[in-house]
Protein chains: 2
Amino acid sequence: MSRSPTPRRRATLASLAAELKVSRTTVSNAYNRPDQLSAELRERVLSTAKQLGYPGPDPVARSLRTRKAGAVGLMITEPLNYSFSDPAALDFVAGLAESCEAAGQGLLLVAVGPNRSVSEGSAAVLAAGVDGFVVYSASDDDPYLPLVLQRHLPVVVVDQPRDVPGASIVCIDDRAAMRRLTEYVLELGHREIGLLTMRLGRDWPHSGRGPALADPDRVRNPQFHVQSERIRGVSDALAEAGLNPDALTVVESYEHLPTSGGVGADVALEANPRITALMCTADVLALSAMDRLRARGVYVPGQMTVTGFDGVPEALSRGLTTVRQPSVEKGRRAGQLLHNPPRSGLSVVEVLDTELVRGRTSGPPA
Amino acid sequence: MSRSPTPRRRATLASLAAELKVSRTTVSNAYNRPDQLSAELRERVLSTAKQLGYPGPDPVARSLRTRKAGAVGLMITEPLNYSFSDPAALDFVAGLAESCEAAGQGLLLVAVGPNRSVSEGSAAVLAAGVDGFVVYSASDDDPYLPLVLQRHLPVVVVDQPRDVPGASIVCIDDRAAMRRLTEYVLELGHREIGLLTMRLGRDWPHSGRGPALADPDRVRNPQFHVQSERIRGVSDALAEAGLNPDALTVVESYEHLPTSGGVGADVALEANPRITALMCTADVLALSAMDRLRARGVYVPGQMTVTGFDGVPEALSRGLTTVRQPSVEKGRRAGQLLHNPPRSGLSVVEVLDTELVRGRTSGPPA
DNA sequence: ATGAAAGCGCTAACAG
DNA sequence: CTGTTAGCGCTTTCAT
């Protein structure tokens, strides 16, 4: 069970120095500044280190001393199973991970989803040994955000919330994108539109967890900036076309389960059977809705127009009419903002471009 | 730009104690052991902390003192874009993240893919402030593994390599699973089989990065235990049926790109046009192969049987004949092994169950 | 090129 | 309940 020279006590830089009868500085230099000592001495240090089973300078102690953790934290407020099943969220994480890899930084996932109590989540945020935080799509009143800010570390917010003091933000123009998409739908001739969206607030005033008709008050004051802007974008287009924005049928879904879109579609159509276009604020919702419509014998786009948002691969391959947003790039930019902060030291707002994708799921109303 | 009482220097536990004229212990207790001081004193501590902008005990300093980092490291040796596009790998990460969340631990992604030099990757491994490592499916001669081991931290290996001294392992019986699948294919009557697999070694002796015919030497000595076992499983079944295992046409693919399976199928069929069954060691390969075959006008399963491995959702929904493995559970178990190490202190081997899924992509040869 | 001294910010005994 | 004493393991001036 014990290798040759495994000492009872873990070897440290100091013990190694003692063993070698050199100063700790020298050992430290052997690892961190090879040019500060002779090559042979360095070799001697490294070889006895190996012999003693010294793993090299302890990362935590080094972090304490240098005040650098070598990692950025990603605060994930959604339930993990959601984050890991939504392609757009994953693309974001992939982009962030990529930029961290390039910068030689670690990426620490800090999950503070609803599965944990707020105090447990708080502990996780406070315990994260990181040099900065990325906050991904949190609600305006997220309870963990103040804790993140309290740590006085650089923070980059992605998508939402806006107006976090001191934080840079990477986002898209949700309102304009959704307005443009809606204009397209209206041009096709649709007048009765259903909107399927993620939950409008952290709370959930409906019974059960399934998609439910959102009441107008909630629609007017969503706690998520993104939802708010997207709804506003739809309203803009409706108003512009001389339609009443309040006539929009809005169904909110607590989470994006594989079936959420389908159930949401049912709810919307039951609430307003005259709907001819179903606009979804996420591709996963739209795809699920399409599946459900097909099962009900409703043809898309013949009898129902369906649109999504995100531009995930499956959506594009299935010809969904949607808005493509650069999810990977969001992650990359967020990381870069942390790794190479803007010279000014001021916070930055980066608005990334989106693109309207006219697919095969939209057409004139029946 | 400056809040009311923002001191030039970051507040620390000591400065807070001085301000309050109490000992550092008391302040520490206010955060870590609320029962060790009066509620009112604690309140006073916390409130002046807020006033001073003290974010609470520094996680790094605490880690140094307590010798606990509060996070586990996940060493990812594949290119990130692969890890984040393979559903099976993602399920694994999701399971691991879930168990970390439940244990109140962070999850530090340490990417040491081929995009970075070995020395950069080494630095990342050595710099990770973690209490243990999960190594996900590394090659037998992975250059970073020794570094991980060198840190004398608990290690859990997933899938491969085997026989890492001191490390626990979570895996499946790849050989038995693949044997069973092959037996099924043979029962259907197939005799000429093509095998599409991930690259057989860290090196890549072929020109270009696309799928290529693997030479027999390489097939006999893969550097990845999993590939090795799966090929062996196929051989077992072939030998059992009185066929020559060396007659197997093996095509290896450097990475799992969306098109890898399709190109691999082309390569295999060109090398041996008599092939009637294409067995793939990953669903993503099989799905891509199916797409390609359809494009070529080859009917599945009428003219070609195709099988996969993993049991990812898309494969199951498309009726792929495959082996389902519990990827999420792998991640969960790996995490648990780290968070609640077996009482014995000895390393453990956990072999999780797999299930043969007879789908609609397999049938008798034409 | 090498060493001595001085902490980084915190917690864990152990006394009082 | 509160304070004193000792470091955790390392890097970094500043001398030599």
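This is a predicted model, so every value here is computed, not measured.

### Focus: the overall build of chain A
- Check the secondary structure of chain A and you find 15 helices and 13 strands.
- In terms of its C-alpha atoms, chain A occupies a principal-axis envelope of roughly 85 × 50 × 40 Å.
- Buried residues in chain A amount to 54% of all 366 residues.
- Looking at chain A alone, contacts between residues at least 24 apart form 71% of all its contacts between residues at least 6 apart.
- Of the accessible surface of chain A, which amounts to about 16,300 Å², a share of 50% is contributed by carbon and sulfur atoms.

### Looking at helix α11 (residues 225-240) of chain B
Residue and element names in this part refer to chain B.
- With 16 residues, α11 ought to run about 22 Å at 1.5 Å a step, and its terminal C-alpha atoms sit 22 Å apart, in line with that.
- Extensive coverage of α11 is indicated by the burial of 13 of its 16 residues.
- Gly242 lies just past α11 and shows a positive phi near 80 degrees.

### Notes on the nonpolar core
- Leu74 of chain A together with Leu74 of chain B are the most contacted members of the largest nonpolar core, which totals 96 residues.
- Excluding residues within four positions of it along the chain, Leu74 of chain B makes contact with Phe92, Val93, Leu96, Leu107, Leu108, Leu109, Val110, Val134 and Tyr136 of chain B.
- Judged by nonpolar contacts, the second largest core, of 46 residues, contains Val164 and Ala167 of chain A together with Val135 and Val157 of chain B.

### With respect to the sheet that holds strand β3 (residues 133-136) of chain A
- Ordered in space as β12(A)-β5(A)-β4(A)-β3(A)-β1(A)-β2(A)-β2(B)-β1(B)-β3(B)-β4(B)-β5(B)-β12(B), the 12 strands form an open sheet in which the pairing is mixed. Among the strands making up the open sheet, the edge pair consists of β12 (349-352) of chain A together with β12 (349-352) of chain B. This sheet shows a mean twist of 20 degrees between the axes of neighbouring strands, independent of strand direction.

### Here's the deal with the protein's contact with DNA strand C
- Inspection of the region around DNA strand C gives 31 residues, with Ser23 and Thr25 of chain A together with Leu13, Tyr54 and Arg65 of chain B positioned closest.
- Counted by atom, the contact set of DNA strand C within 4 Å of the protein is 63% sugar and phosphate.
- Contact distances for DNA strand C include 2.7 Å between a base nitrogen and a side-chain N or O atom of Thr25 of chain A.
- Contacts to DNA strand C include Arg65 of chain A, whose side-chain N or O atom sits 3.2 Å from a base nitrogen.
- Only α2 (24-32) and α4 (59-66) of chain A together with α1 (13-20), α2 (24-32) and α4 (59-66) of chain B provide two or more residues apiece to the surface near DNA strand C.
- Take the surface near DNA strand C: its biggest share by element is 5 residues, from α4 of chain B.
- Counted by class, the surface near DNA strand C contains 10 nonpolar, 11 polar and 10 charged residues.

### A word on the relation of the copies chain A and chain B
- Turning chain A through 180 degrees and shifting it by 0.0 Å along the axis lays it on chain B, with an RMSD of 0.1 Å. A rotation of that kind, with that shift, is consistent with a two-fold axis. Among all residues of chain A, the minimum C-alpha distance to the rotation axis is found for Leu108 of chain A, at 2.1 Å.
- Both copies present the same face, since 100% of the interface residues in chain A are matched by interface residues at the equivalent positions in chain B.

### Thoughts on the UniProt feature "domain: HTH lacI-type" (unreviewed entry) in chain A
- Taking the numbering used here, the UniProt-annotated feature "domain: HTH lacI-type" (unreviewed entry) corresponds to residues 11-66 of chain A.
- In residues 11-66 of chain A, helix accounts for 70% and strand for 0%; the two terminal C-alpha atoms are 21 Å from one another.

### A closer look at the protein's contact with DNA strand D
- Lining the immediate environment of DNA strand D, one finds 31 residues, of which Leu13, Tyr54 and Arg65 of chain A together with Thr25 and Arg65 of chain B sit closest.
- The contact atoms of DNA strand D, taken as those within 4 Å of the protein, divide so that sugar and phosphate hold 63%.
- Take Arg65 of chain A: an N or O atom from its side chain is 2.3 Å from a base oxygen of DNA strand D.
- A distance of 3.3 Å separates a phosphate oxygen of DNA strand D from a polar side-chain atom of Arg67 of chain B.

### Description of the domain arrangement of chain A
All names here are of chain A.
- When the domains of chain A are assigned, the result is domain 1 (1-56), domain 2 (71-172 + 328-352) and domain 3 (174-325).
- On the side of domain 3, 19 residues touch domain 2, which itself brings 18 residues to the contact.
- Together, the buried faces of domain 2 and domain 3 total about 1,600 Å²; carbon and sulfur atoms form 53% of this surface.
- Among the residues of domain 2 in contact with domain 3, Tyr82, Gln160 and Ile172 are the three that bury the most area, contributing 31% of the side total.
- Between domain 2 and domain 3 we count 2 salt bridges in total.
- Ionic pairing is found between Glu78 and Arg199, a salt bridge with its closest N-O pair at 3.7 Å.
- Remark: the boundary between domain 2 and domain 3 carries 6 residue pairs in polar contact (both at pLDDT 80 or more).
- For the side of domain 2 that touches domain 3, the class distribution of residues is 8 nonpolar, 2 polar and 8 charged.

### What about the packing of helix α9 (residues 174-187) of chain B against α11 of chain B?
Residues and elements named next belong to chain B.
- One way to put it is that α9 packs onto α11 with a least axis distance of 7 Å and a crossing angle of 40 degrees. Considering their axes alone, α9 and α11 lie oblique with respect to each other. Here the hand of the crossing between α9 and α11 comes out right-handed. Seen from α9, the contacting residues are Asp174, Arg175, Met178, Arg179, Thr182, Glu183 and Leu186; seen from α11, they are Val226, Glu229, Arg230, Arg232, Gly233, Val234, Asp236, Ala237, Leu238 and Glu240.

### Re the sheet that holds strand β10 (residues 305-307) of chain B
Residue and element names in this part refer to chain B.
- Pairing in this open sheet of 5 strands is mixed, and the strands run β7-β8-β6-β9-β10 from one edge to the other. Edge strands, defined here as strands with exactly one partner in the open sheet, are β7 (212-213) and β10.
- Here strand β6 (residues 193-198) pairs with strand β8 (residues 249-253) via 5 bridges, running parallel. By the bridge assignment for β8, Leu196 is matched with Val251.
- Sitting on the sheet, helix α12 (residues 260-271) is in contact with β6, β7, β8 and β9 (277-280), with an inclination near 150 degrees to β8.

### Regarding the pairing of β12 of chain A
Residues and elements named next belong to chain A.
- In β12, alternate side chains face the same way, and those of Glu350 and Leu352 are buried while those of Val349 and Val351 on the opposite face are not.
- Pairing geometry for strand β5 (residues 168-172) and β12, over 4 bridges, is parallel. In the strand pairing of β12, Ile169 is matched with Val349.

### Quick notes on unusual backbone geometry
- Each neighbour pair has its own omega, and for Val300 of chain A with Pro301 of chain A the value is 5 degrees, a cis peptide bond.
- Mapped onto the fold, Pro301 of chain A is located in the loop between α13 (283-295) and β10 (305-307).
- Looking along the chain, the bond that leaves Gln160 of chain B and enters Pro161 of chain B is cis, with omega of -5 degrees.
- The phi dihedral of Lys21 of chain B falls on the positive side, at around 60 degrees, and the residue is not glycine.
- Its location among the elements puts Lys21 of chain B in the loop between α1 and α2.

The rules we used
- Residues numbered from 1 in each chain as written.
- Chains lettered and ligands numbered in written order.
- Predicted model: local features only at pLDDT ≥ 70, side-chain atom pairs only at ≥ 80, totals over all residues.
- Heavy atoms only, no water.
- Helix = DSSP H or I, 4+ residues; strand = E, 2+ residues; numbered from the N terminus.
- Buried < 20%, exposed > 50% of the residue type's maximum accessible area, 1.4 Å probe, protein only.
- Contact = heavy atoms within 4.5 Å.
- Areas by Shrake-Rupley, 256 points an atom, 1.4 Å probe, with all protein chains shown as cover.
- Expected span 1.5 Å × (residues − 1).
- Core = buried A, V, L, I, M, F, W, Y, C linked by side-chain atoms within 4.5 Å.
- Pairing = 2+ DSSP bridges.
- Axes fitted to C-alpha atoms, helices over the stretch in contact; angles between N-to-C directions.
- Near = heavy atom within 4 Å.
- Polar contact = N/O pair within 3.5 Å; in protein donor to acceptor, adjacent residues only side chain to side chain.
- Nonpolar A, V, L, I, M, F, W, Y, C, P; charged D, E, K, R; others polar.
- Least-squares fit on C-alpha atoms with pLDDT ≥ 70 in both.
- UniProt positions renumbered as here; feature names shortened; annotations may be inferred.
- Domains from an automatic or database assignment.
- Buried area = accessible area lost by both parts, 1.4 Å probe.
- Salt bridge = Lys/Arg side-chain N within 4 Å of Asp/Glu carboxyl O.
- Parallel < 35°, antiparallel > 145°, perpendicular 65-115°, else oblique.
- Left-handed = near helix turned anticlockwise from the far one by under 90°.

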